[in-house]
Amino acid sequence: MDTPPTTPPNPAHPPNSPSSPNLVVFDHPLIQHKLTYIRDFTTSYRPFRALLYQIAGLMCFEVTRTFPTRPVAVQTPLETTSGRKIAGTITVVPVLRSGLAMAEGILEMMPEARVGHLGLVRDEHTLQPKVYLKRLPVDVAAGPVVLVDPMLATGGSASAALTILREAGAKDLRMICLVASPEGVARLHKDHPEVTIYAAALDRQLNEKGYILPGLGDAGDRMYGTG
Ligand code: URA
């Protein structure tokens with residue numbers, strides 16, 4: 001017999017975690033439904049990418065809630081009224097390579113955003129993240145900046161990416177990920193306490209190889225069929 005369905009409370013927006021005011025976890029049935037398919041090891045790369053794209057698009061609704069807007073006049077076919085447009089220019093910055101599918105979903109919602117790219121690898125000797133690609137708009141300070149990396153694991157690359165964006169002039173920063181670890185969240189809260197993290201799930205822990213448990217495996221490999 002199937003387990004009876006549960007109806008969650010209907011908060012106006014996702015609750016911030018009580019222990020982390022700068023962490024928003026999306027306890028939303030549609031996002032959780034899609035995330036469950038993404039976690040499933042039998043989900044192949046094409047549906048995996050499609051689901052990631054869809055979840056990122058759904059997350060935008062909340063991630064953009066604090067975007068500044070400016071009042072504008074708009075002429076309808078009948079009269080002039082007032083409206084609001086997003087102030088400034090948005091920049092979406094995927095961390096290569098797994099940030100790409102999520103960034104596409106975000107761009108579907110915000111097609112006017114510019115896209116910066118950051119490529120980071122872990123240096124074999126120092127174990128610190130090393131930048132191999134950095135292409136950012138020159139005026140990254142011109143509006144909100146959204147860093148995109150599906151797996152917030154140790155937080156080392158995300159922290160380095162946020163530092164790069166700060167040094168490039170970004171003032172209004174957020175991070176979107178799919179799955180976060182407690183260790184990654186703690187690291188970002190320590191290094192970048194002003195940055196709000198948006199995640200579809202806060203998982204249990206990291207394993208000894210730095211993978212998130214229960215997680216979904218290597219996001220890049222799952223996304224591109226390279227595992
Ligand atoms: N990167 C991934 O792709 N998966 C993890 O679990 C951790 C880091």
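Just so it is clear, the structure is predicted and the values come from calculations on it, not from any experiment. (Residues numbered from 1 in each chain as written. Predicted model: local features only at pLDDT ≥ 70, side-chain atom pairs only at ≥ 80, totals over all residues. Heavy atoms only, no water.)

Colleague: How should the site of the ligand be read in this particular structure?
Modeller: Surrounding the ligand, one finds Met151, Ala153, Gly210, Tyr211, Ile212, Gly217, Asp218 and Ala219. Here Gly217 contributes a backbone N or O atom positioned 2.8 Å from a nitrogen atom of the ligand. Measuring from an oxygen atom of the ligand, one finds a backbone N or O atom of Ala219 at 2.7 Å. For the ligand, whose free accessible area comes to 240 Å², the fraction covered by protein is 82%. A class-by-class count of the residues in the shell around the ligand yields five nonpolar, two polar and one charged. (Near = heavy atom within 4 Å. Polar contact = N/O pair within 3.5 Å; in protein donor to acceptor, adjacent residues only side chain to side chain. Areas by Shrake-Rupley, 256 points an atom, 1.4 Å probe, with all protein chains shown as cover. Nonpolar A, V, L, I, M, F, W, Y, C, P; charged D, E, K, R; others polar.)

Colleague: Got a minute to help me understand the confidence of the model for the chain in this structure?
Modeller: Close inspection of predicted coordinates is inappropriate in any region flagged by low pLDDT. Scored by pLDDT, the chain comes out at a mean of 92, with 92% of its residues at no less than 70. pLDDT under 50 marks residues 8–12. Its contacts with residues more than four places away, or in other chains, come to two contacts. (pLDDT = per-residue confidence, 0-100. Contact = heavy atoms within 4.5 Å.)

Colleague: What exactly am I supposed to notice about the packing of helix H4 (residues 156–167) against helix H5 (residues 182–191) here?
Modeller: Packed helix pairs are characterised by how far apart their axes lie and by the angle those axes make with each other. Closest axis-to-axis distance for the H4/H5 pair is 9 Å, and the angle between their directions is 25°. As judged from the angle between their axes, H4 and H5 are roughly parallel. Crossing geometry of H4 relative to H5 is assigned as right-handed. Between H4 and H5, the contacting residues are Gly156, Ala158, Ser159 and Leu162 on the first element and Arg187, Leu188 and Asp191 on the second. Residues belonging to the contact of H4 with H5 are distributed by class as follows: three nonpolar, two polar and two charged. (Axes fitted to C-alpha atoms, helices over the stretch in contact; angles between N-to-C directions. Helix = DSSP H or I, 4+ residues; strand = E, 2+ residues; numbered from the N terminus. Parallel < 35°, antiparallel > 145°, perpendicular 65-115°, else oblique. Left-handed = near helix turned anticlockwise from the far one by under 90°.)

Colleague: Help me understand the nonpolar core in this model?
Modeller: A general feature of soluble globular proteins is that nonpolar side chains tend to end up buried together. Judged by nonpolar contacts, the single largest core of 38 residues is most densely connected at Met59 and Leu178. Listed by contribution, the elements that provide at least two residues to this core are helix H1 (29–39), helix H2 (45–63), helix H3 (99–109), strand E9 (145–148) and helix H6 (219–224). Among the elements that line this core, the one with the most residues is H2, at eight residues. The residues touching Leu178, leaving out its near neighbours within four places in the chain, are Leu35, Ile38, Leu52, Ile55, Met102, Asp149, Pro150, Ala199, Ala200, Ala201 and Leu216. Residues Val95, Leu120, Ala170 and Ala199 belong to the second largest nonpolar core, which totals 24 residues. (Core = buried A, V, L, I, M, F, W, Y, C linked by side-chain atoms within 4.5 Å. Buried < 20%, exposed > 50% of the residue type's maximum accessible area, 1.4 Å probe, protein only.)

Colleague: So what exactly am I meant to see when it comes to the pattern of salt bridges here?
Modeller: Between side chains of opposite charge, a pair can form as their charged atoms come close. Counted under the stated rule, the structure contains nine salt bridges. Two residues, Asp221 and Arg97, come together in a salt bridge whose shortest N-O distance is 2.8 Å. Of this pair, Asp221 sits in helix H6 while Arg97 sits in the loop between strand E5 (91–96) and H3; the two residues are 124 residues apart in sequence, bridging distant segments of the chain. Overall, Asp221 belongs to the partly exposed group, its relative accessible area being 23%. Residue Glu194 pairs with Arg166 through a salt bridge whose shortest N-O separation is 2.7 Å. (Salt bridge = Lys/Arg side-chain N within 4 Å of Asp/Glu carboxyl O.)

Colleague: Sorry if this is basic, but what is going on with the pairing of strand E4 (residues 80–86) here?
Modeller: Across a regular strand the side chains alternate sides, sitting on one face of the sheet and then on the other. Examined bridge by bridge, strand E3 (residues 69–75) and E4 share seven bridges and lie antiparallel to one another. From the neighbouring strand, Ala73 faces E4, where its bridge partner is Ser82. (Pairing = 2+ DSSP bridges.)

Colleague: I would appreciate a short explanation of H3 in the present structure.
Modeller: Helical periodicity: at 3.6 residues per turn, an α-helix aligns residues three or four positions apart in one direction. All of the buried residues in H3 are Gly99, Ala101, Met102, Ala103, Gly105, Ile106 and Leu107. Considering only its buried residues, H3 is in contact with H2, E5, strand E6 (114–115), E9, strand E11 (173–176) and H6.

Colleague: What exactly am I supposed to notice about the sheet that holds strand E10 (residues 151–152) here?
Modeller: What holds strands together in a sheet is hydrogen bonding between their backbones, with the strands either parallel or antiparallel. Judged by pairing direction, the sheet is parallel, and its three strands sit side by side in the order E10-E12-E14 without closing on themselves. In this open sheet, the two strands that pair with only one neighbour each are E10 and strand E14 (201–202). Note that strand E12 (residues 179–180) and E14 share two bridges and pair parallel. Residue pairing in the sheet places Val179 in a bridge with Ala201 of E14.

Colleague: I keep staring at the side chain of Thr196 and nothing clicks. Help me out?
Modeller: With respect to the element layout, Thr196 can be found in strand E13 (residues 196–199). Setting aside chain neighbours within four positions, we find Thr196 in contact with Asn22, Val24, Leu173, Arg174 and Met175.

Colleague: Would you mind showing me how to read the pairing of E11 here?
Modeller: The side-chain alternation of E11 yields two buried faces, one formed by Leu173 and Met175 and the other by Arg174 and Ile176. Of the pairings in the sheet, the one linking E9 to E11 comprises four bridges and is parallel in character. By the bridge assignment for E11, Val146 is matched with Arg174.

Colleague: Quick question: what am I supposed to make of the packing of aromatic side chains here?
Modeller: Given two aromatic rings, their pairing is described by the distance between the two centres and the angle made by the two planes. Per the stated rule, a full pass over the model turns up one aromatic pair. When the ring of Phe26 is compared with that of Tyr198, the centres are 6.3 Å apart and the planes differ by 45°; the resulting orientation is tilted. Residue Phe26 is located in the loop between strand E2 (20–25) and H1, and its partner Tyr198 is located in strand E13; the two are separated by 172 residues in the primary sequence. (Phe/Tyr/Trp six-rings, centres within 6.5 Å; stacked < 30°, edge-to-face > 60°.)

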